[in-house]
Amino acid sequence: MCGIVGYIGDEDIKEVLVDGLRELEYRGYDSAGIAVLQDNEIQSFKAVGKLKNLEEKTKNFNPHAFGMGIGHTRWATHGKPTEINAHPHLGEFSYVVHNGIIENYQELKKELQAEGVRFLSQTDTEVIVHLFEKSYKALNDPMQAFEATVNKLEGAYAVLLMTKVDPDRIYFAKNGSPMIVGNNDKNDIFFGSSDAALIGKATEVIYLDDGDYGYTSAKEGITLLHNGKEKTLNKKALLGDKISAQKGGFRFFMEKEIYEQSEVLVDTVMGRALDTKIQFEELDPNFFDGIDGITICACGTSYNSGLACAYLFERQAKIRTNVEIASEFRYKEPLLDPKTLFVVISQSGETADTLEALKMARDAGLKTLAICNVDNSSIVRISDYTLLTRAGIEKGVASTKAFATQVMVMWMLSLYIAQHKKTMSEEEISAEIQAIRHIPQAVKVNDKLHEKVKRLSKRYLHGHGFFFIGRDLFYPLALEGALKLKEISYLHAEGYPAGEMKHGPIALADSELFTIALMPKNIHYDKVKSNVEELSARDATILAISPERFELADDYVHTYCSDHAMSEFFEMMVVTQLLALEISVRLGNDVDMPRNLAKSVTVE
Ligand code: AGP
């Protein structure tokens, strides 16, 4: 998805902008560009494809003096990924970068075209720069012109604008798309659409709210407005270090993130899984009063984690739970009951469909809870309550540690509700906590396992498809295993309930159909076994993942945890993640930035 950076100061502007864009690469993009304003001259460069193409184009451009600049990585929505459609977009004397979608751009564009304005690109963004220039010509005041422009925009946007008629300022506006502004001790000013772009540069930051706009300059600092009135700057220290956001010796961010799961899960449970009870300081003691059901809503991997945990909510907390795909939920005219707790799950906290579903639930008067990895994200800011997953920055587009930490938080939440509703005894809760504390061990990747999966992967590069199958909690894990594989291998993979295969998909079974069978000891082992036997009888190629050796399997990955269904779940999760990773590596794909995908899907 698109990324924005901006800078005012006397460092090498090009370096600062490109470096910031590099930190946003993980969000996915297909073109990039920068514009630099110095001595009343604006220079702009754009390139299709990866940032190295932009670096090549700017190699002879060395803006070593005070100035300002804006930059952008674009993920095409309106118009193809071409240089013309890449940002910054220019008018006669101004440049703009934008994230989000201007929903009324067509009518604005028609009006401007009728007045003789010529558009170069197919983007929605270009209307912003022309609207600004039109307003400036009428009002002769850049701030008023910017305000008038923003007032005309409908939809989601984070915008930065530079103009030669006011060469000391960068104008900014935010509505629905994330934007952060910060400064360092020298009072250099930085903008970013995510704090990843500001780490190591800004020391304090302001997370802008929807409807915020304003301007910054070296002399005036940051001027923030909302509804025409000046707003106090709510600055926060920017924590986090750049090194932890780098690959740390691994070949890929995804690989590093798989290995990191053990550590981050320790953080996830810290201070929450006490000896005999679950504690969430983020929740009021009366948080669950009046609630008689849960609706979980999310997309992609986050949806899969919700689906898995619905089994726990019903089984442990004895609370009716349903799970919804956010993009479907938004338009199905759902019946919303204020006695239902509305739980949204999101790694990024910016997924447009999840965010909109959350707003619907909030507007209908439901209590809302976000399970999220990014503090201060849009989803966190509008939820009544938040449980942060504490996974740290996840850069691989294919989510791994975010999934693990989401499941962990919800497992603890189901026990927390069970405590409140007294659906489990103290002994039962303590036993679950023991199991929780064992999970960091269960997800540790040992060399033997990784080597085994690496070797196995070479046998799974062809065929006409994969079925990941499992029952109960292991069905959502099968869905997640298949999603991982298809995202980074581009091979067709489906997750299926093991018992459902004979109702259709078994027709596909032959030696070229690869079945990844999740066969935990603690949940319906015999039933899954007989489902796998049915596939084996039809000559499907079987890779069994189980603590029990399964004679009919073509390949077998031995898992070791058999004390608790959840330890089996987490251990098998790691096997499926490694399998997807190693198949992708063998196929020569871009593991961290798979084609057509974006880390944070901020458009519907
Ligand atoms: C995960 O591997 C995916 N890339 C994707 O399905 C993701 O989980 C989905 O877009 C939801 O994102 P979120 O968790 O940031 O809301």
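The rules we used
Residues numbered from 1 in each chain as written. Predicted model: local features only at pLDDT ≥ 70, side-chain atom pairs only at ≥ 80, totals over all residues. Heavy atoms only, no water. Helix = DSSP H or I, 4+ residues; strand = E, 2+ residues; numbered from the N terminus. Rg over C-alpha atoms; globule rule 2.2 N^0.38 Å. Buried < 20%, exposed > 50% of the residue type's maximum accessible area, 1.4 Å probe, protein only. Contact = heavy atoms within 4.5 Å. Areas by Shrake-Rupley, 256 points an atom, 1.4 Å probe, with all protein chains shown as cover. Lys, Arg positive; Asp, Glu negative; His and termini not counted. Charge placed at Lys NZ, Arg CZ, Asp CG, Glu CD. Core = buried A, V, L, I, M, F, W, Y, C linked by side-chain atoms within 4.5 Å. Domains from an automatic or database assignment. Buried area = accessible area lost by both parts, 1.4 Å probe. Salt bridge = Lys/Arg side-chain N within 4 Å of Asp/Glu carboxyl O. Polar contact = N/O pair within 3.5 Å; in protein donor to acceptor, adjacent residues only side chain to side chain. Nonpolar A, V, L, I, M, F, W, Y, C, P; charged D, E, K, R; others polar. Near = heavy atom within 4 Å. Patch = residues over 30% accessible without salt bridge, like charges linked within 9 Å, V, L, I, M, F, W, Y side chains within 5 Å. Axes fitted to C-alpha atoms, helices over the stretch in contact; angles between N-to-C directions. Parallel < 35°, antiparallel > 145°, perpendicular 65-115°, else oblique. Left-handed = near helix turned anticlockwise from the far one by under 90°.

1. Here's the deal with the overall build of the protein
Right, on to step 1. Helix and strand content of the protein: 16 helices and 25 strands.
Right, on to step 2. Relative to the 2.2 N^0.38 estimate, which gives 25 Å for 604 residues, the radius of gyration of the protein is 26 Å and therefore close to what a compact globule would have.
Right, on to step 3. With the C-alpha coordinates aligned to their principal axes, the bounding extent of the protein is approximately 80 × 55 × 45 Å.
Right, on to step 4. Sorting the 604 residues of the protein into buried and exposed places 60% on the buried side.
Right, on to step 5. A fraction of 71% describes how many contacts in the protein between residues 6 or more apart in sequence connect residues 24 or more apart.
Right, on to step 6. Total accessible area on the protein stands at roughly 23500 Å², and carbon and sulfur atoms take up 48% of it.
Right, on to step 7. Across the protein, 67 positive and 87 negative side-chain charges occur, with their mean positions spaced 2 Å apart.

2. Brief notes about the nonpolar core
Right, on to step 1. If you look at the biggest cluster of nonpolar residues, it comprises 91 residues, and the most contacted ones within it are Leu369, Trp411, Leu413, Phe466, Phe569 and Phe570.
Right, on to step 2. When we break this core down by domain, the ones giving at least three residues each are domain 2 (253–439) and domain 3 (447–586).
Right, on to step 3. Other than its neighbours up to four places away in sequence, leucine 413 contacts Phe280, Leu283, Phe313, Leu369, Ile371 and Leu387.

3. Points about the side chain of asparagine 531
Right, on to step 1. Turning to its location among the elements, asparagine 531 is positioned in helix H15 (residues 525–537).
Right, on to step 2. Since its relative accessible area comes to 3%, asparagine 531 is described here as buried.
Right, on to step 3. Beyond its immediate chain neighbours, meaning those up to four positions away, asparagine 531 contacts Arg471, Ala498, Gly499 and Lys502.

4. Remarks on the domain arrangement of the protein
Size of an interface: often given as the accessible area lost when the parts come together.
Right, on to step 1. Looking at the assigned domains, one finds that the protein contains domain 1 (3–246), domain 2 (253–439) and domain 3 (447–586).
Right, on to step 2. Each of domain 1 and domain 2 has a C-alpha centre, and these two points are 34 Å apart.
Right, on to step 3. Of the roughly 1100 Å² buried between domain 1 and domain 2, counting both surfaces, carbon and sulfur atoms make up 50%.
Right, on to step 4. Viewed at the interface, domain 2 and domain 1 are joined by 2 salt bridges.
Right, on to step 5. Two residues, glutamate 23 and lysine 395, come together in a salt bridge whose shortest N-O distance is 3.1 Å.
Right, on to step 6. Along the contact surface separating domain 1 from domain 2 lie 3 residue pairs in polar contact (both at pLDDT 80 or more).
Right, on to step 7. Among the residues making up the side of domain 1 that touches domain 2, the classes are represented as 6 nonpolar, 3 polar and 4 charged.

5. As for the site of the ligand
Right, on to step 1. The full set close to the ligand counts 14 residues, and Ser302, Ser346, Gln347, Ser348 and Thr351 are the nearest of them.
Right, on to step 2. In the model, a nitrogen atom of the ligand is placed 2.7 Å from a nitrogen or oxygen of the glutamate 487 side chain.
Right, on to step 3. Expressed as a share of its isolated accessible area of 410 Å², the protein-covered part of the ligand is 91%.
Right, on to step 4. Secondary-structure elements contributing two or more residues to the shell around the ligand are helix H7 (300–316) and helix H14 (474–489).
Right, on to step 5. Counting residues per element, the shell around the ligand draws most heavily on H7, which supplies 3 residues.

6. Concerning a nonpolar patch on the surface
Right, on to step 1. A cluster of nonpolar side chains, Ile84, Leu90 and Leu120, forms an exposed patch at the surface whose accessible area comes to about 250 Å².
Right, on to step 2. For leucine 120, a relative accessible area of 45% translates into the label partly exposed.

7. Digging into the packing of helix H13 (residues 447–457) against helix H16 (residues 565–586)
Right, on to step 1. In the contact formed by H13 and H16, the axes pass within 9 Å of each other and the chain directions differ by 50 degrees. One finds that H13 runs oblique with respect to H16. Judged by the twist between their axes, the crossing of H13 over H16 is right-handed. Residues Leu449, His450, Val453, Lys454, Arg455 and Ser457 of H13 form the contact with H16, whose own contacting residues are Val574, Val575, Leu578, Leu579, Leu581, Glu582, Ile583 and Arg586.
Right, on to step 2. A breakdown of the residues in the contact of H13 with H16 according to their chemical character gives 8 nonpolar, 2 polar and 4 charged.

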